[in-house]
Amino acid sequence: MSARILDGAAVAARLRAEIGDQVTSLVAEGRRAPGLAVVLVGDNPASHVYVRNKGVATRKAGMVSTEHRLPGDATEAELLALVAQLNADEAIDGILVQLPLPAQVRPEKVLAAIDPEKDVDGFHALNVGRLWGGETGLVPCTPRGCMKLIAEAGRDIGGMDAVVIGRSGIVGKPMTQLLLAANCTVTIAHSRTRDLSEVCRRADILVAAVGAPNLVTAAFIKPGATVIDVGINRVAKPDGGLRLVGDVAFDTAVGVAGAITPVPGGVGPMTIACLLENTLMAYRRRMNG
Ligand code: NAD
């Protein structure tokens, strides 16, 4: 038996098209398009690629995308001034500060300065608190995308056992809250978990968000489980190039799981689509509809 492949690229394309249709309707009614500002500090090559991809997707959905670049030696005060300016800009509904930031800038200071109603990454403490309080508004994009892929598997997940490997603030922890809100019984596993494979084998839904290639083998997977692979790892190919793999040993896992996301083409495309969804949500809340 081979698992159903949860095609994140296709689900994300559908979501982006739906969002694009909603933006087209808003503009046809004579309203302004939603606006997303992305801030990039320094020249981390991966961050440049992410920011470019976000800008392209935003514009394709009919939204306004603005990019704000600061040099790698920018001060925290300069970045905070830019955030304040974007907070005050009526045409901007979402603000995303691309992480990581250079060492001289404290990310917690910058994230705390973003207007929580424009916090489309869902990293502001107020939005984190809202999520842990059971409100699912502006929640981090990657876990939001994972939930949509879990739904794509077409199973009623209420009461299921879910295991999330990884406890980061951007993926693991918010993922657990979304699963809890969906009435799963949730376990968080991490680098200090004892007998990880045993813990994972209990899971009807297994989410791997670690950053360790092939950590999750077929032996970790309950037959028929839904497996969501968040990991993005670059590993060497025999020809010397690099290829992307997740945290799950896909080739063997696919024979045990009931549904599974590939890497690439699984969770990754969902993250940007959910950023657009958050931006539209922030716009509607700010504009009252
Ligand atoms: P992180 O480094 O902040 O957290 C990793 C977590 O994994 C930690 O909580 C740690 O306890 C746990 N861990 C480490 N080694 C472990 C082990 N051997 N066994 C069990 N747990 C272990 O990483 P992150 O920011 O949460 O990202 C996780 C992965 O997801 C990375 O590969 C990252 O690139 C990827 N990611 C993908 C997307 C996407 O859009 N697809 C978005 C964000 C992150």
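Residues numbered from 1 in each chain as written. Predicted model: local features only at pLDDT ≥ 70, side-chain atom pairs only at ≥ 80, totals over all residues. Heavy atoms only, no water.

## So, the nonpolar core
Counting 51 residues, the largest nonpolar core has Ile150, Met175, Leu179, Ile205, Val207, Ile228 and Val230 as the members making the most contacts within it. Contributions of two or more residues to this core are made by helix 1 (8–28), strand 2 (35–41), helix 2 (45–60), helix 6 (141–152), strand 5 (161–165), helix 7 (172–181), strand 7 (205–208) and helix 10 (267–287). Examining the composition of this core, we find that 10 residues originate from one element, helix 10, more than from any other. If we ignore the near neighbours within four places in the chain, the residues touching Ile228 are Leu6, Cys146, Leu149, Ile150, Leu206, Val207, Ala208, Thr261 and Val267. Ranked by size, the runner-up nonpolar core spans 20 residues in total, among them Leu196, Ala203, Ala208 and Ala253. (Core = buried A, V, L, I, M, F, W, Y, C linked by side-chain atoms within 4.5 Å. Buried < 20%, exposed > 50% of the residue type's maximum accessible area, 1.4 Å probe, protein only. Helix = DSSP H or I, 4+ residues; strand = E, 2+ residues; numbered from the N terminus. Contact = heavy atoms within 4.5 Å.)

## Here's the deal with the site of the ligand
Around the ligand sit 20 residues in total, of which Arg167, Ser168, His190, Ile232 and Thr271 are the nearest. Between the ligand and Ser168, the relevant distance is 2.5 Å, taken from an oxygen atom to a side-chain nitrogen or oxygen of the residue. One of the backbone nitrogen or oxygen atoms of His190 is found 3.5 Å away from a nitrogen atom of the ligand. If one sorts the elements of the shell around the ligand by residue count, helix 10 sits on top with 3 residues. Of the residues that constitute the shell around the ligand, the class distribution is 10 nonpolar, 9 polar and 1 charged. (Near = heavy atom within 4 Å. Polar contact = N/O pair within 3.5 Å; in protein donor to acceptor, adjacent residues only side chain to side chain. Nonpolar A, V, L, I, M, F, W, Y, C, P; charged D, E, K, R; others polar.)

## As for the environment of Asp73
With respect to the helices and strands, Asp73 occurs in the loop between strand 3 (64–70) and helix 3 (76–88). Judged by its relative accessible area of 64%, Asp73 is exposed. Sequence separation of Asp73 and Gln104 is 31 residues, and the distance between their C-alpha atoms is 7.9 Å.

## A look at the sheet that holds strand 3
Within the open sheet, the 3 strands sit side by side as 3-2-4. Their pairing is parallel. Each edge of the open sheet carries a strand with a single partner, namely strand 3 and strand 4 (94–97). Mean inter-strand twist for the sheet, computed between neighbouring axes without regard to direction, equals 15 degrees. As defined by bridge partners, strand 2 adjoins strand 3 across 7 bridges and the pair is classed as parallel. Residue pairing in the sheet places Leu40 in a bridge with Arg69 of strand 3. (Pairing = 2+ DSSP bridges. Axes fitted to C-alpha atoms, helices over the stretch in contact; angles between N-to-C directions.)

## What about a nonpolar patch on the surface?
On the surface, Tyr50, Ile232 and Leu244 cluster together to form a nonpolar patch covering roughly 240 Å² of accessible area. Looking at the element boundaries, Tyr50 is found in helix 2. (Patch = residues over 30% accessible without salt bridge, like charges linked within 9 Å, V, L, I, M, F, W, Y side chains within 5 Å. Areas by Shrake-Rupley, 256 points an atom, 1.4 Å probe, with all protein chains shown as cover. Salt bridge = Lys/Arg side-chain N within 4 Å of Asp/Glu carboxyl O.)

## Here we look at the sheet that holds strand 1 (residues 4–5)
With parallel pairing, the 6 strands of this open sheet are ordered in space as 1-11-8-7-5-6. Of all the strands in the sheet, just strand 1 and strand 6 (185–189) have a single pairing partner and so form its edges. Across 2 bridges, the pairing between strand 1 and strand 11 (residues 259–260) is parallel. Each bridged residue has a counterpart across the sheet, and for Ile5 the counterpart in strand 11 is Ile260. Helix-sheet contacts for helix 7 involve strand 5, strand 6 and strand 7, and the interaxial angle to strand 5 is about 170 degrees.

## A short note on the side chain of Asp229
On the secondary structure map, Asp229 appears in strand 8 (residues 226–229). Lacking a salt bridge, the buried Asp229 has Arg243 as its closest oppositely charged neighbour, with an N-O distance of 10 Å. Only 2.8 Å separates the side chain of Asp229 from the backbone nitrogen of Asp247, close enough to count as a polar contact. (Lys, Arg positive; Asp, Glu negative; His and termini not counted.)

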